[in-house]
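Architecture and fold: a report
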Amino acid sequence: MGSSKAGRARSQSKGIVASAIDAVTGLFSDDSPNAIDLLKKDHRNVESLFDQVKANGDGNNAPTFRKIKEELDVHAHIEEQIFYPHLLDKGDKELKKIVREGIEEHGQVKDLLAELADLSGDSPTFKAKLTVLMENVEHHVEEE
């Protein structure tokens, strides 16, 4: 079996997350915080903010949205500027496919964030778009 086939088999048996971790290993110095842990913490922060929106139901969620937007803007920037380019360079075929899908999902989320930023927090359109945003982000996080 050639080395590329062996690499794919190893990568598939490890799973996508393990392959991503292998691809970014060494990207940061030993004394820096673990980048994967930081991204997971971001996910938990956003999930907590989503829970606040859900608990507020039909209330005005504009203040919580501003926090969500800030968290997602920073998170996306880190992924797009650091992880995605590295994974596209070092990842296997399957990982590259997932990264390209992630890039597209980021585009959709950014569009929704921009649309939401221009709406009143108590409008029905704001509430509907915020729900769609949360669903899209939850799907994205699940895949990551």
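A few points on the structure. None of these values were measured; they are calculated from a predicted model. All chains use their own residue numbering, which begins from 1 and follows the written sequence. Per-residue local features of the predicted model are confined to residues with pLDDT of at least 70, and side-chain atom pairs are confined, for both listing and counting, to 80 or more; whole-chain, interface and lining totals are unaffected and use all residues. No hydrogens and no water enter the side-chain calculation; it runs on all heavy atoms of the structure.

Digging into the overall build of the protein
From N to C terminus, the protein includes six helices and zero strands. Traced from its N-terminal end to its C-terminal end, the protein shows the element sequence α-α-α-α-α-α. Burial here depends on accessible area, computed with a 1.4 Å probe over protein chains only, as a share of the maximum for the residue type. Under 20% is buried, over 50% is exposed, and the range in between is partly exposed. Looking at the 144 residues of the protein, the share that counts as buried comes to 31%. Sequence-distant contacts in the protein: of pairs separated by 6 or more residues, those separated by 24 or more amount to 68%. Runs of E in the DSSP output that reach at least two residues are strands. Runs of H or I that reach at least four are helices, and both are numbered from the N terminus. By definition, residues are in contact when any of their heavy atoms lie within 4.5 Å.

Concerning the nonpolar core
The definition of a nonpolar core used throughout is a set of buried Ala, Val, Leu, Ile, Met, Phe, Trp, Tyr and Cys residues joined through side-chain atoms within 4.5 Å. Ranked by internal contacts, the top residues of the largest apolar core, which has 16 residues, are Phe65, Ile68, Leu72, Leu130, Leu133 and Val137. Mapped onto this core, the elements with two or more residues apiece are helix H3 (35–56), helix H4 (62–90), helix H5 (93–117) and helix H6 (124–143). Looking at which element gives the most residues to this core, the answer is H6, with five residues. Aside from chain neighbours lying at most four places away, what touches leucine 133 is Phe65, Ile68, Leu72, Val109, Leu112, Leu113 and Leu116. Leu39, Phe83, Leu87 and Val99 belong to the second largest nonpolar core, which has six residues in total.

Some points on the pattern of salt bridges
A side chain with one charge may pair with a side chain of the opposite charge, provided their charged atoms come close. Here a salt bridge means any side-chain nitrogen of Lys or Arg lying within 4 Å of a carboxyl oxygen belonging to Asp or Glu. This structure, assessed with the given rule, holds five salt bridges. Between aspartate 73 and lysine 69 there is a salt bridge whose closest N-O contact spans 2.8 Å. Placement of both aspartate 73 and lysine 69 in helix H4 is noted, with a separation of four residues, approximately one turn of the helix. The class for lysine 69 is partly exposed, based on a relative accessible area of 25%. In this structure, the salt-bridge partner of glutamate 80 is lysine 110, at a minimum N-O distance of 2.7 Å. In this pair, glutamate 80 sits in helix H4 while lysine 110 sits in helix H5, placing the two residues 30 residues apart along the sequence.

Some remarks on H4
Between its first and last C-alpha, H4 extends 40 Å over 29 residues, near the 42 Å set by a 1.5 Å rise per residue. Along H4, the helix axis deviates most sharply at glutamate 80, where the bend reaches about 40°. All of the buried residues along H4 are Ala62, Thr64, Phe65, Ile68, Leu72, His75, Ala76, Glu79, Phe83, Tyr84, His86 and Leu87. To estimate the expected span of a helix, subtract one from its residue number and multiply by 1.5 Å. A residue's bend is simply the angle between two axes: one fitted to the seven residues ending at it, one to the seven starting at it.

Some thoughts on a negative patch on the surface
Like charges are joined within 9 Å and nonpolar side chains (Val, Leu, Ile, Met, Phe, Trp, Tyr) within 5 Å, but only among residues with over 30% relative accessible area and no salt bridge; these make up the patches. Computed with the Shrake-Rupley method and a 1.4 Å probe, the accessible areas treat only the protein chains shown as cover for residues. For the charge count, each Lys or Arg is scored as positive and each Asp or Glu as negative, with His and the chain ends excluded. Each charge is placed at NZ for Lys, CZ for Arg, CG for Asp and CD for Glu. Together, Glu101, Glu142, Glu143 and Glu144 give the surface a local cluster of negative charge. Considering the arrangement of structural elements, one finds glutamate 144 in the segment after H6.

Describing the environment of threonine 131
Looking at where threonine 131 falls in the secondary structure, it is placed in helix H6. The class for threonine 131 is partly exposed, based on a relative accessible area of 36%. Distance in space between the C-alpha atoms of threonine 131 and valine 53 is 9.1 Å, their sequence separation being 78 residues.

Some points on the packing of aromatic side chains
Ring pairs shown here join Phe, Tyr and Trp side chains whose ring centres sit within 6.5 Å, with only the six-membered ring taken for Trp; geometry is labelled stacked below 30 degrees between planes, edge-to-face above 60, and tilted in between. What the rule picks out here adds up to one aromatic pair. Each ring, one from phenylalanine 65 and one from phenylalanine 126, has its centre 5.7 Å from the other, and the planes form 85°; the classification is edge-to-face. Taken together, the positions of phenylalanine 65 in helix H4 and phenylalanine 126 in helix H6 put the pair 61 residues apart, joining distant regions of the chain. Of the two residues, phenylalanine 65 and phenylalanine 126, neither departs from the other in class, the shared state being buried.

A few points about H5
Its 25 residues place the ends of H5 36 Å apart at the C-alpha level, agreeing with the 36 Å of an ideal helix rising 1.5 Å per residue. We call two N or O atoms a polar contact when they sit within 3.5 Å, provided that within protein one can donate a hydrogen and the other can accept it, with sequence-adjacent residues counted only if both atoms are side-chain atoms. Two to three positions downstream of the cap, the backbone nitrogen of glutamate 94 sits 3.3 Å from a side-chain oxygen, assigning the N-cap of H5 to aspartate 92.

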